[in-house]
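Okay, here's what each chain looks like letter by letter:
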Amino acid sequence: MTEPLYSLSISQLAPLLARGEVSPVEVTARLLERIKERNGELNAYLTVDEAGALEQAREAEACLGRGEAASLTGIPLALKDVMVTRGLRTTCASKILENFIPPFDATVVARLRREGAVILGKANMDEFAMGSSTENSAYGPTHNPWNREYIPGGSSGGSAAAVAADLCIASLGSDTGGSIRQPASHCGVVGLKPTYGRVSRYGLVAYASSLDQIGPLTKEVRDAAILLNTIAGHDPKDSTSVPQAAADYTEALGREIHGLKIGVPREYFGHGLDPEVEAAIRAALKTLAGLGADLIEVSLPHTEYAVATYYVVAVAEASSNLARYDGVKYGFRAEGKNLMETYLNTRTQGFGAEVRRRIMLGTYTLSAGYYDAYYKKGSQVRALIRSDFETAFKACHLIACPVSPTPAFRLGEKLADPLTMYLSDIFTISANLAGIPGISVPCGFSSQGLPIGLQLLGPAFGEAEILQAAYAFEQATDFHRRKPPF
Amino acid sequence: MAYEAVIGLEVHAHLLTHSKIFCGCATAFGAPPNTQVCEVCLGMPGSLPVLNRKAVEYALKMALATDCTIAPESVFARKNYFYPDLPKGYQISQFELPLAEHGHLEIKVNGQAKRIGITRIHLEEDAGKLVHSEARPVSFVDFNRTGVPLIEIVSEPDMESPDEAVEYLKGLRNILLYLEICDGNLEEGSFRCDANISLRPVGAKELGVKVELKNMNSFRFIKAALEFEIKRQRANLSAGREIVQETRLWDTSSNQTVSMRGKEEAHDYRYFPDPDLVPVRIDHDWLESLRKNLVELPKARLKRFQAEYGLPEYDAEVLTSDKALADYFEATVKLFPQPKQVSNWIMGELMRELKKEEAGIDSCRVSPAALGKLLSLVDTGALSGKLAKTVFEDMVATGRDPEAIIKEKGLVQISDSGALEALAQEIIDANPKEAADFRAGKTKVLGFFVGQLMKKTKGQANPQMANEIFRKLLA
Amino acid sequence: MALSREEVLHVAELARLSLRPAEIEIFTRQLNDILAYVEKLQELDTTGVAPLAHVIPICNAFREDEVREGLSLDLALENAPAREDDNFLVPRVI
């Protein structure tokens, strides 16, 4: 074993643990050490639970000793700080939850624990998942391990950076408008957003309830399938989780994609698409074709309305979801002469600018007289966007496209104008609006050495298919084997 | 100018489910603060609501009982506002697609029947309890009540007088009790009512400016508040002043409605469908099974009382207007099968005693069994009707068994003709003048003799027997 | 549908946010930029299109009426910014 333990993936590490060649305590200790040494350069983690992780690792070791290994026994993970972990500080990268200790676990966290995973700590993010660069964190931005002057993407930037920099074996993030796929693309790792309702949202701190989903960020496609196996499935505590049984998402990995029809949406090429990104995507499409896939052109005619739709629907739901942060029951409270002042001071001081901006936007669009023009209209256009995909999937099995119009940009480069930032979500946002699954796999690098991701979108509950195709692509290339100079 | 009142009522009723509407916390009243809470009803980050099926069932029962149209699909909506007793910063309620609409309730005021429309019935969650400190500028919040299921019942503005309003509320409350889905306790707040009242010139079509009234926690206060408000609005309109659209609170200490202006700003609730919940679809089978198994409602029970017990409509109305009273009646009749007598007694003696104590039948110390026994004692002649009233008063006050009271007070009616005759003869002998008067034709003197016998027997003589005996002996 | 400064302040109050004087202008401008952008949606004819509320058509997600253990008093109050006895403490409304 020449590679350091921390650089392994789940698929590589699990068999070593199972055979007793490596001890869980050793892996966890090694990772904790690495985090201590290197996290300061990236700011990927907000909270590291050293004591808890080692204790979980010891338990994992005992389990393995008894021959009772589960699918993730001893595997150390980072969790985006947007899902609650019992007894472990959960901040959503906001000042308003600076010292919030949840008294309960998110359902996905409980499932991970049940499978023996070790939770190293909580990863940085854009505050309340609102952002595309992790620059909106109240605790400083995360840096891209490939070039620390660049953003890692957002809002799951900490998770993506941690995976790319081997500060964890794998991670979970959340995706509302692209927040798993885009940072995965910018950091050269795999990121999967499941079908809406496939994974429980119980314990996922809500941003936009009808769009949010939790998903894996991993070093290779198989890992994503393994994690999905653990977290997918109906949860009676989440009314929006689907009753359909989850599949074994590793089953189809390795199957050929000969004859697979892959749709290429014409509207996704040209929209200010960076030529290097386009080149990488086109090369990826060629690779897929080489593996036997049929590329056909499809149209998603309402693409140009997706960002507008998102920034009406998501902000409205967000403005309501964040009303609970009032300094009464938990979290930060700023004092005030009376109740009104307490509310105002608490929320103004506790929330960052982007969060306040979206709350205001959402409050406005829902306010008296405007509901029809905004939220209702947005929901109607959303139906049209979904119908675009339904039509496209009649002609193809999957859709392939870019994740982001450009590779990662410099920290601070796009902070002046929120709208410019919003427009960069163009390729990921539609999947959330339509509720369909999507995955980002590394497919190239810019001339500056920044990663570029290929996105595969599937019909609702098509996770197995997109994983299969992503796996085939990954195995036919070696982008996933490259590590940042970190 | 003569004005007429237009009144609409909004009722919030606590549903008697074991657990809250969106989480598994207990709903029992009176628990120590913040001991019936969880992450869901505390609105903690990441928590999500899941709808209690029983709450839907109870709401549907009320909808069926008031002849509402049930929505095939109904949706929950968020009502957004900030208040310390509202943990999520929004209340989960229903807005555009409520569970049921277009029902009605029949009431009777002064013998006049009237149909009051019910606009809608919908489900929502209750908020917590906020208690203001007297001494310091702070308030205390207890979230036990947050998430208790409520149905909101909104009436059409069909009522024209405080009496109609009270009759409607009593009728509504009665149905809730019949259905056993709410305990109808106004003082404890499990049955709350807000009123909307406006005045307009008699015969006018347009509605006047409406005022909302809150904080009325008894039927008496509701009536008083409405009466006061009618007077107040009439006085203003007659003086040429406009009515301000506002919310006013009933103030029991001053017996007035008081403006809330300045305490509350206009709310923009920003309703939108709650994305954490999915629509409720009531299928035909579910509804039909509920309809078939619906408990006997007041209207049906009224008809049955007339048919089965041969009671006149008036009696049946009075008895069925209160489920507990109707239950009491039937329990008593089971033991003493003379419905009309039982009915008379309940409507007369019993209700008078209850009114004196301002109590409801539930707090009455006389059980149906005890009442039945009392009535059979009178029936068999062991107790005179007059004395029965005395005994009953004692039973109401102490809850004691009638036979025990009779024995203790020595009130057993003497119906032994031999004993009575002997006493009667004594009295006749002692009053020869009166005896002669009677024989001479002054039949009124009989009353004197009967009275004497009653005095001699300390009221225990059977009066009818006494009458007959004297007639016989004086003949 | 451009927002005036007053409307921005009104919306802020509705959301229980206060804006520092320097922020008001910036926020007003940014909000108006975004609103102008989303105006785009009005280009589409959506007559007869049912608003998409739930991406996956589920209905009737119920739970049974069973009491479940909630949080202990200590856990419920553990994160409270202010508490007194067993209540959450807040400043008086007025």
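These numbers come from a predicted model, not from an experiment.

**Points about the overall build of chain B**
Next up, step 1: Summing up its helical and strand segments, chain B has 15 helices and 17 strands in all.
Next up, step 2: Taken over C-alpha atoms, the radius of gyration comes to 30 Å for chain B, far larger than the 23 Å a tight globule of 475 residues would show.
Next up, step 3: Considered along the principal axes of its C-alpha atoms, chain B spans approximately 95 × 55 × 50 Å.
Next up, step 4: Considering chain B as a whole, with its 475 residues, one finds that 54% of them fall into the buried category.
Next up, step 5: The long-range share in chain B, meaning contacts at least 24 apart out of those at least 6 apart in sequence, stands at 68%.
Next up, step 6: Of the roughly 21400 Å² of accessible surface on chain B, 51% is carried by carbon and sulfur atoms.
Next up, step 7: Charge centroids of chain B, computed over 60 positive and 68 negative side chains, lie 5 Å from each other.

**Observations concerning the interface of chain C and chain A**
Next up, step 1: Contacts between chain C and chain A engage 54 residues on the former and 65 residues on the latter.
Next up, step 2: When the area that chain C buries against chain A is broken down by residue, the three leading residues are C:Leu41, C:Leu52 and C:Val55, summing to 12%.
Next up, step 3: For the pair chain C and chain A, the interface holds two salt bridges.
Next up, step 4: Here C:Glu23 and A:Arg356 are joined by a salt bridge, their closest N and O atoms 2.8 Å apart.

**Focus: the domain arrangement of chain B**
Residue and element names in this part refer to chain B.
Next up, step 1: If you check the domain split of chain B, you get domain 1 (3–286), domain 2 (296–409) and domain 3 (417–474).
Next up, step 2: With centres defined by C-alpha atoms, the gap from domain 1 to domain 2 works out at 35 Å.
Next up, step 3: Approximately 840 Å² of surface area, both sides summed, lies buried where domain 1 meets domain 2, with 52% of it carried by carbon and sulfur atoms.
Next up, step 4: The largest contributions to the domain 1 side of the interface with domain 2 come from Lys 108, Asn 174 and Tyr 178, which together make up 63% of the buried area.
Next up, step 5: Linking domain 1 with domain 2 are four salt bridges.
Next up, step 6: A salt bridge links Lys 108 to Glu 317, with the shortest nitrogen-to-oxygen separation between them at 2.5 Å.
Next up, step 7: Summed over the shared surface of domain 1 and domain 2, the number is six residue pairs in polar contact (both at pLDDT 80 or more).
Next up, step 8: For the side of domain 1 that touches domain 2, the elements supplying multiple residues, two or more each, are β7 (100–109) and α2 (162–179).
Next up, step 9: Per-element accounting of the side of domain 1 that touches domain 2 gives the leading share, five residues, to α2.
Next up, step 10: Across the side of domain 1 that touches domain 2, the residue classes break down as five nonpolar, one polar and four charged.

**Digging into the nonpolar core**
Next up, step 1: Ranked by size, the top nonpolar core spans 206 residues in total, and within it A:Phe128, A:Phe389, A:Leu454 and A:Leu467 carry the most contacts.
Next up, step 2: With sequence-adjacent residues up to four places away left out, A:Leu467 is seen in contact with A:Leu192, A:Val221, A:Ala224, A:Ala225, A:Leu228, A:Tyr249, A:Leu253 and A:Ile439.
Next up, step 3: Among the nonpolar cores identified, the runner-up in size contains 72 residues, and B:Leu64, B:Ile92, B:Ile107 and B:Val166 belong to it.

**Focus on the interface of chain C and chain B**
Note: interface size is frequently given as the accessible area lost on complex formation between the parts.
Next up, step 1: Opposite the 28 residues of chain C that make contact, chain B presents 49 residues.
Next up, step 2: Together, the buried faces of chain C and chain B total about 3400 Å²; carbon and sulfur atoms form 59% of this surface.
Next up, step 3: By the criterion of area lost to chain B, the three top residues of chain C are C:Phe62, C:Arg63 and C:Asp65, representing 21% of everything that side buries.
Next up, step 4: Viewed at the interface, chain B and chain C are joined by two salt bridges.
Next up, step 5: One salt bridge in this structure joins C:Glu84 and B:Arg136, with 2.9 Å as the shortest N-O distance.
Next up, step 6: Viewed at the interface, chain B and chain C are joined by 23 residue pairs in polar contact (both at pLDDT 80 or more).
Next up, step 7: Of all the elements in the fold, those that place two or more residues in the side of chain C that touches chain B are β1 (62–63), α3 (73–78) and β3 (87–91) of chain C.
Next up, step 8: Its residues placed into classes, the side of chain C that touches chain B shows 15 nonpolar, four polar and nine charged.

**Section: unusual backbone geometry**
Among all residues save glycine, negative phi is the norm, and among peptide bonds the norm is trans.
Next up, step 1: The omega torsion across A:Gly154 and A:Ser155 is 10 degrees, close enough to zero to call that bond cis.
Next up, step 2: Tracing the backbone through its elements, the reader meets A:Ser155 in the loop between β3 (118–123) and α5 (157–164).
Next up, step 3: One non-glycine residue, A:Asp166, lies in positive phi territory at about 55 degrees.
Next up, step 4: Turning to its location among the elements, A:Asp166 is positioned in the loop between α5 and β4 (170–175).
Next up, step 5: Relative accessible area serves as the criterion here: at 5%, A:Asp166 is assigned to the buried category.
Next up, step 6: The phi angle at B:Asn215 is positive, at roughly 70 degrees, despite the residue not being glycine.
Next up, step 7: Mapped onto the elements, B:Asn215 comes out in the loop between β13 (211–214) and α3 (219–238).

**Quick word on the sheet that holds strand β2 (residues 83–84) of chain C**
Next up, step 1: The antiparallel open sheet is built from four strands, whose spatial order is β9(B)-β10(B)-β3(C)-β2(C). Looking along the sheet, the strands with just one partner apiece sit at the ends: β9 (129–132) of chain B together with β2 of chain C.
Next up, step 2: In the sheet, strand β10 (residues 138–142) of chain B pairs with β3(C) via four bridges, with the strands oriented antiparallel. By the bridge assignment for β3(C), B:Phe140 is matched with C:Leu89.

**A short note on the pairing of β3(A)**
Residue and element names in this part refer to chain A.
Next up, step 1: Among the six residues of β3, six are classified as buried, and the element is accordingly described as predominantly covered.
Next up, step 2: One ladder, built from five bridges, connects strand β2 (residues 76–80) with β3; its direction is parallel. Along β3, the bridge assignment pairs Leu 79 with Lys 122.

**With respect to the packing of aromatic side chains**
The geometry of two aromatic rings is summed up by the distance between their centres and the angle between their planes.
Residues and elements named next belong to chain A.
Next up, step 1: What the rule picks out here adds up to 31 aromatic pairs over all chains.
Next up, step 2: Residues Tyr 370 and Tyr 374 carry aromatic rings whose centres are separated by 6.3 Å and whose planes lie at 55 degrees to one another, so their mutual orientation is tilted.
Next up, step 3: On the basis of relative accessibility, which here comes to 23%, the residue Tyr 370 falls in the partly exposed class.
Next up, step 4: Against the face of Phe 269 rests Arg 282, its NZ or CZ located 4.3 Å from the ring centre.

**Some thoughts on the pattern of salt bridges**
Next up, step 1: Under the defined criterion, the tally for this structure stands at 64 salt bridges over all chains.
Next up, step 2: Here the residues in one salt-bridge network are B:Glu180, B:Glu296, B:Arg301, B:Arg304, B:Glu308, B:Lys323, B:Asp327 and B:Glu330, joined through shared partners.

**So, the side chain of B:Asn174**
Residues and elements named next belong to chain B.
Next up, step 1: Assignment of secondary structure puts Asn 174 in helix α2.
Next up, step 2: We classify Asn 174 as buried; its relative accessible area is 5%.
Next up, step 3: Polar contacts involving the side chain of Asn 174 include one to the main-chain carbonyl oxygen of Ser 321, which spans 2.8 Å.
Next up, step 4: With residues near it in sequence (within four places) discarded, Asn 174 still touches Pro 298, Thr 320, Ser 321, Asp 322 and Lys 323.

About the cut-offs
- Residues numbered from 1 in each chain as written.
- Chains lettered and ligands numbered in written order.
- Predicted model: local features only at pLDDT ≥ 70, side-chain atom pairs only at ≥ 80, totals over all residues.
- Heavy atoms only, no water.
- Helix = DSSP H or I, 4+ residues; strand = E, 2+ residues; numbered from the N terminus.
- Rg over C-alpha atoms; globule rule 2.2 N^0.38 Å.
- Buried < 20%, exposed > 50% of the residue type's maximum accessible area, 1.4 Å probe, protein only.
- Contact = heavy atoms within 4.5 Å.
- Areas by Shrake-Rupley, 256 points an atom, 1.4 Å probe, with all protein chains shown as cover.
- Lys, Arg positive; Asp, Glu negative; His and termini not counted.
- Charge placed at Lys NZ, Arg CZ, Asp CG, Glu CD.
- Buried area = accessible area lost by both parts, 1.4 Å probe.
- Salt bridge = Lys/Arg side-chain N within 4 Å of Asp/Glu carboxyl O.
- Domains from an automatic or database assignment.
- Polar contact = N/O pair within 3.5 Å; in protein donor to acceptor, adjacent residues only side chain to side chain.
- Nonpolar A, V, L, I, M, F, W, Y, C, P; charged D, E, K, R; others polar.
- Core = buried A, V, L, I, M, F, W, Y, C linked by side-chain atoms within 4.5 Å.
- Pairing = 2+ DSSP bridges.
- Phe/Tyr/Trp six-rings, centres within 6.5 Å; stacked < 30°, edge-to-face > 60°.
- Lys NZ or Arg CZ within 6 Å of the ring centre and 35° of its normal.

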